[in-house]
Amino acid sequence: MKAGSTEIRNYTMNFGPQHPAAHGVLRLVMEMDGETIVRADPHVGLLHRGTEKLAESKPFNQSIGYMDRLDYVSMMCNEHAYVKAIETLLGIEAPERAQYIRTMFDEITRILNHLMWIGSNALDLGAMAVFLYAFREREELMDVYEAVSGARMHATYYRPGGVYRDLPDRMPQYRESPWHKGQDLKRINSWREGSMLDFLDAFTADFPSKVDEYEELLTSNRIWKQRTVGIGVISPELAQQWGMTGVMLRGSGVEWDLRKKQPYAKYAEMDFDIPVGVGGDCYDRYLCRVEEMRQSNRIIRQCVAWLRANPGPVMLKNFKVAPPSRVDMKEDMEALIHHFKLFTEGYCVPAGETYAAVEAPKGEFGCYLVSDGANKPFRVHLRAPGFAHLSSMDTIVRGHMLADVVAMIGTYDLVFGEVDR
Amino acid sequence: MSDTHPTSLAERLAARFGDTLDISTVRQETTAELAASDLLAVATALRDEPAFRFTELVDLCGIDYLGYGQTEWDTQTISSTGFSRGVEGQAMGRFDWAGRPREADQPRRFASVVHLLSIEGNCRLRLRVFCDDDSLPVVPSLTSVWPGVNWFEREAFDLYGILFDGHPDLRRILTDYGFVGHPFRKDFPLIGNVEVRYDPEQKRVIYEPVSIEPRVLVPRTIRDDADLMQARAEAADHWREN
């Protein structure tokens, strides 16, 4: 460079993989012109565990737990896609009650996911309080997960042929501790005196007012709007070209939701609305997700009412996929054999291929399953919405400012468990 | 899934493309198999023509058909001493790199499978393209038709070594920087080739050959009762009270 001249050159900046706004392990290499992005090259795969290959080496049922670990904030939705693919190839259908339970838990999962999203996205953009509020409600729903499956996150609750067990008839209560005591303890336990459905009734009656609280903090917040309105605008054509689904597509005004268009489980019987954006920017997608929480709340209430009125089996009486009860196992030779075969060898799935998709909170989560008739899948491919969304990063953030990249990563709702698989 | 057209998707495809596509519909899922040389023309037509309008490419993945339909444990034939109890074969997880299966008994190993979605027509279509040469699997890239396929093709290249002709940036995507091999191929060992640890003496992360042994807990087996008819009969016999 000559002395006295003011030549400005682009420089390359590395973002992540260890950065709190990277939502896990995203490494982003950006070419910058001052504060403006010229090119963004996301490096993914730092969390690649080879889930698909592992699933090919195990009997079908043993991989359900891996599905929880893909998108680890919408666990049961991932299980749903995998289980649905197996059920299609087996030609079986879960009992009606199990389908309602799945619908209910898919929506509980959607709220869990969106709470995580609203908290962390607000935190990325400088609003700390929302995170604390969102995790308050997340905790209640985590308790529901724990009550039904024994695990707060990695539930392994859905099984081919139904769900692992029926809803518990009592909710565990909190004991006195330095963190929960006095009036506070009484208040949280007052919801937990009856069954799980009673708890969900109380929760869903209260939840819309909680959503109002988040909206109070953000929707008309000047700083929030400055950070999101007009940022990351995606046209409907662009969204389709880049294989976007879920809120990323609906935020751009395309009314496409698998729960309405290609209904599975019991969504055809549910009364709910699909929020659609107008401008396709980060703010519209924020509004869509907030409204989706309210709609999920509606669906949960409908499921709770049905489940209360209709007891019944939650698992098929099909010994090839469902284990016999412990009592039968002790008395019945056949039951013992079935139990042994199921837990050692598993079941064989007829040869064929299928693609099962569910409307996961982040978009279309699909499972392409190829079986050659064996007790292990021949090929499992998991179509993660975040993978398709993130690939459009370069196209969308070009010309944006560096700080907007953080808004964009937030609005993609990325979880690297599913992007990297 | 409700299709909004009067004729079925398979009929429309057959009418438009004739022998170019090998169409089958199983469980309301339509699959079309085609030659790699026809892929780009067919894909463009599927995206643009009003009868199809597959504006979204939802998914693309590679498949390695090596060992399709092979079992490790024969449960079909019986000899005078009863059923076989031995496990034979080299299915996934049983070999390391040195002992990987080498003879290719599969005529065409690699395929690229595409899932398309038409938002207008509310229908899906699966396309399958086999690669002609197993030692150098090549299919045309779809990035010019659906730009969103970019990363999916990078993934199929990374994991299966399928080359996408015309792809603008065919780099590895999921595996480590400097990774060797294509890990999802059926002849790539499940245990991998290298492991990583921090070496306190050299004060850096080092790569070493894997120290774990290949191990499989459940043999791979194919049984005829997979249609579950038998299961239903047994359920009727033994749990009459239900």
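Just so we're clear, the structure is a prediction, and the values are computed from it rather than from any experiment.

Chemist: Just checking my understanding: could you explain the overall build of chain B for this structure?
Modeler: From N to C terminus, chain B includes four helices and 11 strands. Here chain B holds 242 residues, and 48% of them are scored as buried. Nonlocal contacts in chain B, meaning residues at least 24 apart in sequence, comprise 59% of its contacts between residues at least 6 apart. When the accessible surface of chain B is totalled, it reaches about 12400 Å², and 52% of it is carbon and sulfur.

Chemist: Is there a simple way to explain the interface of chain B and chain A in this structure?
Modeler: Many analyses report the size of an interface as the accessible area lost when the parts associate. Taken together, the 65 residues of chain B in the interface contact 74 residues of chain A. Approximately 6000 Å² of surface area, both sides summed, lies buried where chain B meets chain A, with 58% of it carried by carbon and sulfur atoms. Remark: the boundary between chain B and chain A carries eight salt bridges. Two residues, Glu-353 of chain A and Arg-128 of chain B, come together in a salt bridge whose shortest N-O distance is 2.5 Å. Applying the counting criterion to the chain B and chain A interface returns 30 residue pairs in polar contact (both at pLDDT 80 or more).

Chemist: Is there a simple way to think about the nonpolar core in this case?
Modeler: Within soluble globular proteins, side chains that are nonpolar generally end up buried alongside one another. Residues and elements named next belong to chain A. Grouped together as the largest cluster of nonpolar side chains are 175 residues, with contacts concentrated most on Met-104 and Phe-105. Broken down by element, this core gets its largest block of residues, 12 residues, from helix 4 (residues 96-124). Among residues more than four places away in sequence, those in contact with Phe-105 are Met-76, Val-144, Tyr-145, Val-148, Tyr-157, Tyr-158, Leu-167 and Met-196.

Chemist: Whenever I open this one, the sheet that holds strand 7 (residues 363-371) of chain A confuses me. Can you help?
Modeler: Backbone-to-backbone hydrogen bonds pair the strands of a sheet. The strands run either parallel or antiparallel. Residue and element names in this part refer to chain A. If you walk across this open sheet you meet the three strands as 6-7-8, and the pairing is antiparallel. This sheet does not close on itself; its edge strands, each paired only once, are strand 6 (352-360) and strand 8 (379-383). Adjacent strand axes in the sheet meet at a mean angle of 10 degrees when their direction is disregarded. In this sheet, strand 7 lies alongside strand 6 in antiparallel orientation, the contact comprising nine bridges. Directly across from Ala-356, in strand 7, lies its bridge partner Cys-367. Sheet strands touched by helix 3 (residues 75-90): strand 6, strand 7 and strand 8. Its angle to strand 6, the strand with the most contacts, is close to 150 degrees.

Chemist: How should I be thinking about the side chain of Lys-362 of chain A in this particular structure?
Modeler: All names here are of chain A. Its location among the elements puts Lys-362 in the loop between strand 6 and strand 7. The class of Lys-362 is buried, set by a relative accessible area of 2%. Side chain to side chain, Lys-362 and Asp-71 meet in a polar contact 3.1 Å long. Among residues more than four places away in sequence, those in contact with Lys-362 are Asp-71, Val-73, Ser-74, Asn-113, Thr-245, Gly-246, Pro-385, His-389, Asp-413, Leu-414, Val-415 and Glu-418.

Chemist: Help me understand the sheet that holds strand 3 (residues 56-64) of chain B in this model?
Modeler: All names here are of chain B. Here five strands make up an open sheet; going across it, the order is 1-2-7-6-3 and the pairing mixed. Looking at strand neighbours, the two that pair on one side only are strand 1 (22-26) and strand 3, the edges of this open sheet. Within this sheet the neighbouring strands show an average axis-to-axis angle of 20 degrees, counted without direction. Bridging between strand 6 (residues 110-118) and strand 7 (residues 123-130) involves eight bridges; their strand directions are antiparallel. Its bridge partner being in strand 7, His-115 is matched across the sheet by Arg-126.

Chemist: What is the right way to read the pairing of strand 7 of chain B from this model?
Modeler: Consecutive side chains along a regular strand alternate between the two faces of the sheet. All names here are of chain B. Here strand 7 lies mainly inside the structure; eight of its eight residues are buried. Of the two faces of strand 7, the one lined by Cys-123, Leu-125, Leu-127 and Val-129 and the one lined by Arg-124, Arg-126, Arg-128 and Phe-130 are each fully buried. For strand 2 (residues 29-34) and strand 7, the ladder comprises four bridges, and the chain directions are parallel. By the bridge assignment, Glu-33 is partnered in strand 7 with Arg-128. If you look at the hairpin formed by strand 6 and strand 7, you'll find four residues sitting between the two strands, and Asn-122 has a positive phi there, around 50 degrees.

Chemist: What is the right way to look at the packing of aromatic side chains in this model?
Modeler: Within a pair of aromatic rings, the relevant descriptors are the distance that separates the centres and the angle that separates the planes. All names here are of chain A. One pass over the structure, following the stated rule, counts 24 aromatic pairs over all chains. Ring centres 6.1 Å apart and planes at 50 degrees place the aromatic pair Tyr-157 and Tyr-158 in the tilted group. Take Tyr-157 and Tyr-158: they sit in the same class, and that class is buried. Measuring from ring centre to ring centre gives 5.8 Å for Tyr-283 and Tyr-286, while their planes differ by 35 degrees; the resulting arrangement is tilted. In this pair, Tyr-283 and Tyr-286 are both assigned in helix 12 (residues 282-309), three residues apart and thus about one turn of the helix distant.

Chemist: Even after reading the chapter, I still don't get unusual backbone geometry, so can you show me in this structure?
Modeler: Note: most residues except glycine have negative phi, and most peptide bonds are trans. Residues and elements named next belong to chain B. A positive phi angle, near 60 degrees, is found at Gln-28, a position not held by glycine. Position of Gln-28 among the secondary structure elements: in the loop between strand 1 and strand 2. The exposed category is assigned to Gln-28, whose relative accessible area is 71%. Of note in this structure, Lys-203 is not a glycine but carries a positive phi near 55 degrees. Within the secondary structure layout, Lys-203 lies in the loop between strand 10 (194-199) and strand 11 (204-209). Using a relative accessible area of 63% as the deciding quantity, one classes Lys-203 as exposed.

Chemist: How do you make sense of the packing of helix 4 of chain A against helix 12 of chain A when you look at a structure like this?
Modeler: Any two packed helices are characterised by how steeply their axes cross, that is the angle between the axes, and by the distance between the axes. All names here are of chain A. Axis separation between helix 4 and helix 12 bottoms out at 9 Å; the angle between their running directions is 150 degrees. It follows from the interaxial angle that helix 4 and helix 12 lie roughly antiparallel. For the crossing formed where helix 4 meets helix 12, the hand is left-handed. Along the lines of polarity and charge, the residues of the contact of helix 4 with helix 12 split into 17 nonpolar, four polar and six charged.

Chemist: I'm lost on the confidence of the model for chain B in this one. Help?
Modeler: Low-pLDDT stretches of the model should not have their predicted coordinates read in fine detail. Residues and elements named next belong to chain B. Mean pLDDT over chain B: 83, with 85% of residues reaching 70 or higher. pLDDT under 50 marks residues 238-242. Its contacts with residues more than four places away, or in other chains, come to nine contacts. Confidence metrics for the complex model read pTM 0.89 and ipTM 0.88.

Chemist: Mind showing me how you'd approach the environment of Phe-105 of chain A here?
Modeler: Examined against the element boundaries, Phe-105 of chain A turns out to sit in helix 4. We classify Phe-105 of chain A as buried; its relative accessible area is 0%.

Chemist: Help me understand a nonpolar patch on the surface, please; the structure alone is not making it clear to me.
Modeler: All names here are of chain B. Taken together, the side chains of Val-194, Val-196, Tyr-198, Val-205 and Tyr-207 make up a nonpolar region of the molecular surface, amounting to roughly 500 Å² of accessible area. A total of three residues in the nonpolar patch trace back to one element, the largest contributor, which is strand 10. Note that Val-205 resides in strand 11.

Chemist: Would you take a moment to explain helix 7 (residues 196-218) of chain A for this structure?
Modeler: The α-helix winds at 3.6 residues per turn, so residues separated by three or four positions along the chain end up facing the same way. All names here are of chain A. For helix 7, with 23 residues, the first-to-last C-alpha span of 32 Å sits near the 33 Å given by 1.5 Å per residue. The largest bend along helix 7 measures about 35 degrees and falls at Phe-207, with the proline Pro-208 one to four residues further on. Of the positions making up helix 7, those classed as buried are Met-196, Leu-197, Phe-199, Leu-200, Phe-203, Thr-204, Phe-207, Lys-210, Val-211, Tyr-214 and Leu-218. Elements in contact with the buried residues of helix 7: helix 4, helix 5 (128-149), helix 8 (222-228) and helix 12. If you check the start of helix 7, you find a side-chain oxygen 3.3 Å away from the backbone N of Leu-197, and it comes from Ser-195.

Calculation rules
- Residues numbered from 1 in each chain as written.
- Chains lettered and ligands numbered in written order.
- Predicted model: local features only at pLDDT ≥ 70, side-chain atom pairs only at ≥ 80, totals over all residues.
- Heavy atoms only, no water.
- Helix = DSSP H or I, 4+ residues; strand = E, 2+ residues; numbered from the N terminus.
- Buried < 20%, exposed > 50% of the residue type's maximum accessible area, 1.4 Å probe, protein only.
- Contact = heavy atoms within 4.5 Å.
- Areas by Shrake-Rupley, 256 points an atom, 1.4 Å probe, with all protein chains shown as cover.
- Buried area = accessible area lost by both parts, 1.4 Å probe.
- Salt bridge = Lys/Arg side-chain N within 4 Å of Asp/Glu carboxyl O.
- Polar contact = N/O pair within 3.5 Å; in protein donor to acceptor, adjacent residues only side chain to side chain.
- Core = buried A, V, L, I, M, F, W, Y, C linked by side-chain atoms within 4.5 Å.
- Pairing = 2+ DSSP bridges.
- Axes fitted to C-alpha atoms, helices over the stretch in contact; angles between N-to-C directions.
- Phe/Tyr/Trp six-rings, centres within 6.5 Å; stacked < 30°, edge-to-face > 60°.
- Parallel < 35°, antiparallel > 145°, perpendicular 65-115°, else oblique.
- Left-handed = near helix turned anticlockwise from the far one by under 90°.
- Nonpolar A, V, L, I, M, F, W, Y, C, P; charged D, E, K, R; others polar.
- pLDDT = per-residue confidence, 0-100.
- Patch = residues over 30% accessible without salt bridge, like charges linked within 9 Å, V, L, I, M, F, W, Y side chains within 5 Å.
- Expected span 1.5 Å × (residues − 1).
- Bend = angle between axes of the 7 residues up to and from the residue.

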